[in-house]
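One letter stands for each residue in the lines below.
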Amino acid sequence: DVKVTQSSRYLVKRTGEKVFLECVQDMDHENMFWYRQDPGLGLRLIYFSYDVKMKEKGDIPEGYSVSREKKERFSLILESASTNQTSMYLCASSHHVGSRSYNEQFFGPGTRLTVL
Amino acid sequence: DAKTTQPTSMDCAEGRAANLPCNHSTISGNEYVYWYRQIHSQGPQYIIHGLKNNETNEMASLIITEDRKSSTLILPHATLRDTAVYYCIVRVVTGGGADGLTFGKGTHLIIQP
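Keep in mind that this is a model prediction, so the values were computed, not measured.

Conventions adopted
- Residues numbered from 1 in each chain as written.
- Chains lettered and ligands numbered in written order.
- Predicted model: local features only at pLDDT ≥ 70, side-chain atom pairs only at ≥ 80, totals over all residues.
- Heavy atoms only, no water.
- Helix = DSSP H or I, 4+ residues; strand = E, 2+ residues; numbered from the N terminus.
- Rg over C-alpha atoms; globule rule 2.2 N^0.38 Å.
- Buried < 20%, exposed > 50% of the residue type's maximum accessible area, 1.4 Å probe, protein only.
- Contact = heavy atoms within 4.5 Å.
- Areas by Shrake-Rupley, 256 points an atom, 1.4 Å probe, with all protein chains shown as cover.
- Lys, Arg positive; Asp, Glu negative; His and termini not counted.
- Charge placed at Lys NZ, Arg CZ, Asp CG, Glu CD.
- Phe/Tyr/Trp six-rings, centres within 6.5 Å; stacked < 30°, edge-to-face > 60°.
- Lys NZ or Arg CZ within 6 Å of the ring centre and 35° of its normal.

1. Description of the overall build of chain B
In terms of helices and strands, chain B carries zero helices and nine strands. When the helices and strands of chain B are read in sequence order from the N terminus, they spell out β-β-β-β-β-β-β-β-β. The C-alpha atoms of chain B give 14 Å as radius of gyration, which agrees with the globular expectation for 113 residues (13 Å, within 12%). Projected onto the principal axes, the alpha-carbon positions of chain B cover approximately 45 × 30 × 25 Å. Across the 113 residues of chain B, 49% fall into the buried class. If you take every contact in chain B between residues at least 6 apart in sequence, the share linking residues at least 24 apart comes to 57%. For chain B, the exposed surface amounts to about 5500 Å²; the carbon and sulfur share of it is 50%. Each charge sign in chain B was given a centre, from 9 positive and 10 negative side chains, and these centres are 3 Å apart.

Written out as structure tokens, the structure is:
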């Protein structure tokens, strides 16, 4: 089975702290994603990566950065945490496929981050 | 990605088949229908996908109408652990699949004992 793991299930940080969220997948997937999920706003894409050291902005990249030094690991960084970044953070991965075909994303369990 | 419409919530008795409908009347010819679900406080889980033929896997069956404007996800013998929010999405994969998913509000399926 595909396994996507995230470093913490719950995290509490203070405003202004630098926060690292780690994600690891064990299925040799090329694509990795970071989302946040908030009530009433659904799932929103923050950043994604289609290869090592490659990254692309999603819909809401402001206040975040990412790092992908190894294929299996994709890190989300909050440079200076703010209260409006309190959310559920979800990591996902998928295989690289040709265009106009299907592919499914596999999600980790999520990290519920609270910024005080 | 085309828009989908799903009922907000549904109940189903344990052991019975749960049939979850989804309308996607503006789907285009190369868009797939995907179903995901999210159990409370967990990450979304892929269930099944299809293009135009009916599909079945170990988790569920997917019935797509001939005009592809709607589909039904069937959980054949629902258990309490199937209580979750179920999301129907339609999408065409571009750029090698490195594109984000967009979930609507989904259907909250509640399995009653």
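Additional details are given in the paragraphs that follow.
2. Re the packing of aromatic side chains
This model, assessed by the stated rule, comprises 11 aromatic pairs over all chains. Judged by centre distance (4.4 Å) and plane angle (15 degrees), the ring pair of tyrosine 87 of chain B and phenylalanine 103 of chain B falls under stacked. On the criterion of sequence distance, the pair formed by tyrosine 87 of chain B in strand β8 (residues 84–91) and phenylalanine 103 of chain B in the loop between β8 and β9 (107–112) is long-range, its members being 16 residues apart. Taking the relative accessible area as the measure of exposure, tyrosine 87 of chain B reaches 8% and is therefore buried. Judged by its relative accessible area of 6%, phenylalanine 103 of chain B is buried. Feature note: the residues Phe33, Tyr35, Phe48, Phe106 and Phe107 of chain A together with Tyr36, Tyr46, Tyr87 and Phe103 of chain B constitute an aromatic cluster, connected by ring pairs. When the ring centre of tyrosine 34 of chain B is taken as reference, the NZ or CZ atom of arginine 91 of chain B above it lies at 5.3 Å.

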